[in-house]
Every structure is written in structure tokens, then in C-alpha cells.
Amino acid sequence: MLTVLLILGVLGLAVVLAGLLLGELLDGAVDVVVPGEFVPGATPALGAAVSAFGFGGALALRSADLPAALALSLATVGAVAVGGVAFAAGRVVVGEGAAPPARADLYGVFGSVITPVPPAGYGEVTIVVHGTRRKLSARAAQPLPAGAAVYVMDVLSETSVLVAPADPRALL
């Protein structure tokens, strides 16, 4: 049982590192395996919990000489605590708890196109509002290539804006 717990600890650490390095890509892969909506940052927190369970269980089993049932119970409590703290810390760092900016805060903000804006459809832009980078769907009067500098002319909804080139001469 000790070997299984140590393997879980190492696998948990691997998930934490992968979650931190690959971010949303790994969250998308987890969505394929675990159906339902997964909150961003949950993958590293889950990895931390699995790692805490594995290493904590091994420590309780080997060092404290506790019976297996008690060691696994303590490991479970530790895993829940570590996973919860890791998840809360991740949300603070990512800023998920912050309220979205007011519509008025978006007007005139400069940004850049990350997904080309087609003539009759939506692309994506990133803007920085109050020090936080936001990705929004965007429409424009003319097609805009990826990398184009833009500014927000109108707010269409909480997640979409109407943009125009920051320098109209750039498209001539």
C-alpha cells in the first residue's frame, strides 16, 4: 500500500506541474475525461489534493505507524484541506473572484486581435481593463487580421464588443 500512496503523490505533483505549465489546455483535456463544467485552475488544485493524499497517507502509514484505515482517513482530510487551499489561492491569483468591468469601462480601451475578425462574424480581441487582461468576442465594420491594434467603439454585450482599427491607415 505504501508504494501505491507514493505513486499517487508523484502523479499528483505531475498533474500540478502540468496544470501550471499547460493551464487551459490541460483543463480542456480534463473536460474530455470528466464531463461537466470544470472551473479554471481546478486541475492544479486536484493534483495538489491527490499529491497530499498520497504523500500524507504514506507519511501517516510509515512514520506514525498508524493503522491503514486511520492513515487513509487522515490522508483524506489532508487532501481536502490542501486541495481547497490550492483552489482558493489559484482563484485569487487568476482573479476569478473579481467582478467583471462595467460596460462604461470598456469604451475606448485599446487592445489587439487574437482571432481574425471576419466581415460578417465574430473574432476575438484581448484588452486590459483595470490591470486585468480580458478576452472578448469582437465584431468590426471591416475584416481585421490577428495582431491588429484596435479600440473598443461599442459594447454589444458582457462578452462582445464592436472594435475599429486603432490606426485606420494600417488597413489601406
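Rules of the game
Residues numbered from 1 in each chain as written. Predicted model: local features only at pLDDT ≥ 70, side-chain atom pairs only at ≥ 80, totals over all residues. Heavy atoms only, no water. Buried < 20%, exposed > 50% of the residue type's maximum accessible area, 1.4 Å probe, protein only. Helix = DSSP H or I, 4+ residues; strand = E, 2+ residues; numbered from the N terminus. Pairing = 2+ DSSP bridges. Salt bridge = Lys/Arg side-chain N within 4 Å of Asp/Glu carboxyl O. Axes fitted to C-alpha atoms, helices over the stretch in contact; angles between N-to-C directions. Phe/Tyr/Trp six-rings, centres within 6.5 Å; stacked < 30°, edge-to-face > 60°. Lys NZ or Arg CZ within 6 Å of the ring centre and 35° of its normal. Polar contact = N/O pair within 3.5 Å; in protein donor to acceptor, adjacent residues only side chain to side chain. Contact = heavy atoms within 4.5 Å.

**Quick notes on the pairing of strand S5 (residues 160-165)**
Okay, step 1: When you tally the buried positions in S5, you get 5 out of 6 residues, the bulk of the element.
Okay, step 2: The pairing of strand S3 (residues 132-140) with S5 spans 4 bridges and is classified as parallel. Paired with alanine 138 across the two strands is valine 161, which belongs to S5.
Okay, step 3: Two successive antiparallel strands, strand S4 (residues 149-155) and S5, enclose a turn made up of 4 residues.

**Concerning the pattern of salt bridges**
Okay, step 1: Summed over all chains, the structure comprises 1 salt bridge.
Okay, step 2: Where lysine 135 meets glutamate 124, a salt bridge forms, and the shortest distance between an N and an O atom there is 3.9 Å. A residue pair is termed long-range when its members are at least 10 positions apart, and lysine 135 in strand S3 and glutamate 124 in strand S2 (residues 123-129) qualify at 11 residues.
Okay, step 3: You can call lysine 135 exposed: its relative accessible area is 51%.

**Considerations on the pairing of S4**
Okay, step 1: Note that strand S1 (residues 110-115) and S4 share 3 bridges and pair antiparallel. Paired with phenylalanine 110 across the bridge in S4 is tyrosine 151.
Okay, step 2: Two elements, S4 and S5, share 5 bridges in a ladder whose sense is antiparallel. Its bridge partner being in S5, valine 152 is matched across the sheet by valine 163.

**A word on the sheet that holds S3**
Okay, step 1: The strand order around the closed barrel built from 5 strands is S1-S2-S3-S5-S4, with neighbouring strands paired in mixed fashion. Across the sheet, the mean angle separating the axes of adjacent strands is 55° when strand polarity is ignored.

**Quick word on the packing of aromatic side chains**
Okay, step 1: As enumerated under the stated definition, the model contains 1 aromatic pair in all.
Okay, step 2: When the ring of phenylalanine 110 is compared with that of tyrosine 151, the centres are 6.0 Å apart and the planes differ by 50°; the resulting orientation is tilted. Of the two residues, phenylalanine 110 is situated in strand S1 and tyrosine 151 in strand S4; the sequence distance between them amounts to 41 residues.
Okay, step 3: Against the face of tyrosine 122 rests arginine 139, its NZ or CZ located 5.0 Å from the ring centre.

**Overview of the side chain of threonine 126**
Okay, step 1: Along the polypeptide, threonine 126 turns up in strand S2.
Okay, step 2: One polar contact links threonine 126 to arginine 133, side chain to side chain, over a distance of 3.2 Å.
Okay, step 3: Among all residues touching threonine 126, those that are not within four sequence positions of it are Gly111, Ser112, Ile114, Arg133, Arg134 and Lys135.

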